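Residues per chain, in single letters:
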Amino acid sequence: MSNPIAIPSVSVTYAQDGTSTKANALGMRPMQERAYQKRGEQYLLIKSPPASGKSRALMFIALDKLENQGLKQAIIVVPEKSIGASFHNEPLSKYGFWADWQVEPRWNLCDAPGGDNGGKVDAVKKFLASDAKVLVCTHATFRFAVDRFGVEMLDDRLIAVDEFHHVSANPDNKLGDHIRQLMARDKTHIVAMTGSYFRGDAEAVLHPDDEARFETVTYTYYEQLNGYQYLKQLDIGYYFYAGRYSDEIMQVLNPNEKTILHIPNVNSRESTKDKIREVEHIIEELGEWQGIDPQTGFQLVKTTDGKVLKIADLVDADPSKRDKVVAALKDPAQKNNRDHVDIIIALGMAKD
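None of these values were measured; they are calculated from a predicted model.

Analysis parameters
Residues numbered from 1 in each chain as written. Predicted model: local features only at pLDDT ≥ 70, side-chain atom pairs only at ≥ 80, totals over all residues. Heavy atoms only, no water. Patch = residues over 30% accessible without salt bridge, like charges linked within 9 Å, V, L, I, M, F, W, Y side chains within 5 Å. Areas by Shrake-Rupley, 256 points an atom, 1.4 Å probe, with all protein chains shown as cover. Salt bridge = Lys/Arg side-chain N within 4 Å of Asp/Glu carboxyl O. Helix = DSSP H or I, 4+ residues; strand = E, 2+ residues; numbered from the N terminus. Axes fitted to C-alpha atoms, helices over the stretch in contact; angles between N-to-C directions. Parallel < 35°, antiparallel > 145°, perpendicular 65-115°, else oblique. Left-handed = near helix turned anticlockwise from the far one by under 90°. Contact = heavy atoms within 4.5 Å. Buried < 20%, exposed > 50% of the residue type's maximum accessible area, 1.4 Å probe, protein only. Pairing = 2+ DSSP bridges.

## Some points on a nonpolar patch on the surface
On the surface, a nonpolar cluster with roughly 570 Å² of combined accessible area is contributed by V10, V12, L234, I236, Y238 and F240. With respect to the helices, strands and loops of the structure, V10 is situated in strand β1 (residues 9-13).

Right under this line is the structure:
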């Protein structure tokens, strides 16, 4: 295995003033406080970077809408089942807020077995007829439910859409069409959250007339990154290659550094169209495969210098394999264990 070469990079240094992680008397970080100040808006768009606290900001806002603004229920809509874990119970009162965030296990459909259609859609209907306050489901389950039951079922409720850039103004975009229907009916509150308010296909996220109805809260990457206490520098590097990316990957992949490897979409020109083989090739380049950890599902690979890498493969969509890997990555007992995993290889889940 050849040693990674130095590659050209752009370096940015940060203030390290710690402000973006400091909480106020209600337990809110600056971005969350900024969003909470707009909690009375019917249509609210939060543009804020990853790890800035959008999930908890929504908890604060949703609790106020349920308690003080007369809304019946809140439905949290996320693109991936794994993201549903961001909305598990949180003891917000422990940090100064006036209520805790609680989701009954049966109403976090991201934790339920089965596909996005079928029984989960029926569960949405049961939730709407119940006295429960919060439901979490995927974009797909939400789309199927609205298709089956209509937007009228969502009157006087909060719909919060995480990763809002999945919405498109294109009439063929199902989630976008449902948002337009809800806004035309004007009896539902909507909170839209995204770290990137743009789409790779150059389609507009919202029609300009609809976008104008949203009150926007913006928290910039500069505010977030400058506000970290320990982040000193961010390097963005570029390496140009010819041929297949998988043949050149070891020129930039350093197995001694913690890495998230986002392989190309299968529809892109860079893809070989065989995502499983691409992952196998990367693993072969890293070293000698030692098997699979039975507890975590991580691939174990021994490098030429004797180090055993723990690699989380999120590309293989086999539920029996990926669910174990996802569960291991979310294990709260390993939250501060730097040795838990070395490399994560992902495709669709990487962008979310």
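## Structural notes on the packing of helix α3 (residues 119-128) against helix α4 (residues 139-149)
Relative orientation and spacing of two packed helices are given, respectively, by the angle between their axes and the distance between those axes. The interhelical angle for the contact between α3 and α4, taken along N-to-C directions, is 65°, at an axis separation of 9 Å. When the axis of α3 is compared with that of α4, the two are roughly perpendicular. Regarding α3 and α4, the two cross each other, and that crossing is right-handed. Touching K120, V121, D122, V124 and K125 of α3 are T141, F144, A145, R148 and F149, all from α4.

## Structural notes on the pattern of salt bridges
Side chains that differ in charge, positive against negative, can pair when their charged atoms come close. Applying the stated criterion across every chain yields a total of 14 salt bridges. Between E90 and R56 there is a salt bridge, and its shortest N-O distance comes to 2.7 Å. Pair noted here: E90 is in the loop between β3 (73-78) and α3 and R56 is in helix α2 (residues 54-68), with a separation of 34 residues, a long-range link. Since its relative accessible area comes to 23%, E90 is described here as partly exposed. On the basis of relative accessibility, which here comes to 23%, the residue R56 falls in the partly exposed class. With a closest N to O distance of 3.4 Å, E280 and R277 form a salt bridge.

## Here we look at the sheet that holds strand β11 (residues 299-302)
Here we have five strands laid out as an open sheet, ordered β9-β13-β12-β11-β10, and mixed in their pairing. Bordering the open sheet on either side are β9 (259-262) and β10 (288-292), each of which pairs with just one other strand. Between one strand axis and the next, the sheet turns through 25° on average, direction left out of account. Relative to strand β12 (residues 308-313), β11 is paired through four bridges, and the arrangement is antiparallel. If you follow K302 over to β12, its bridge partner there is V308.

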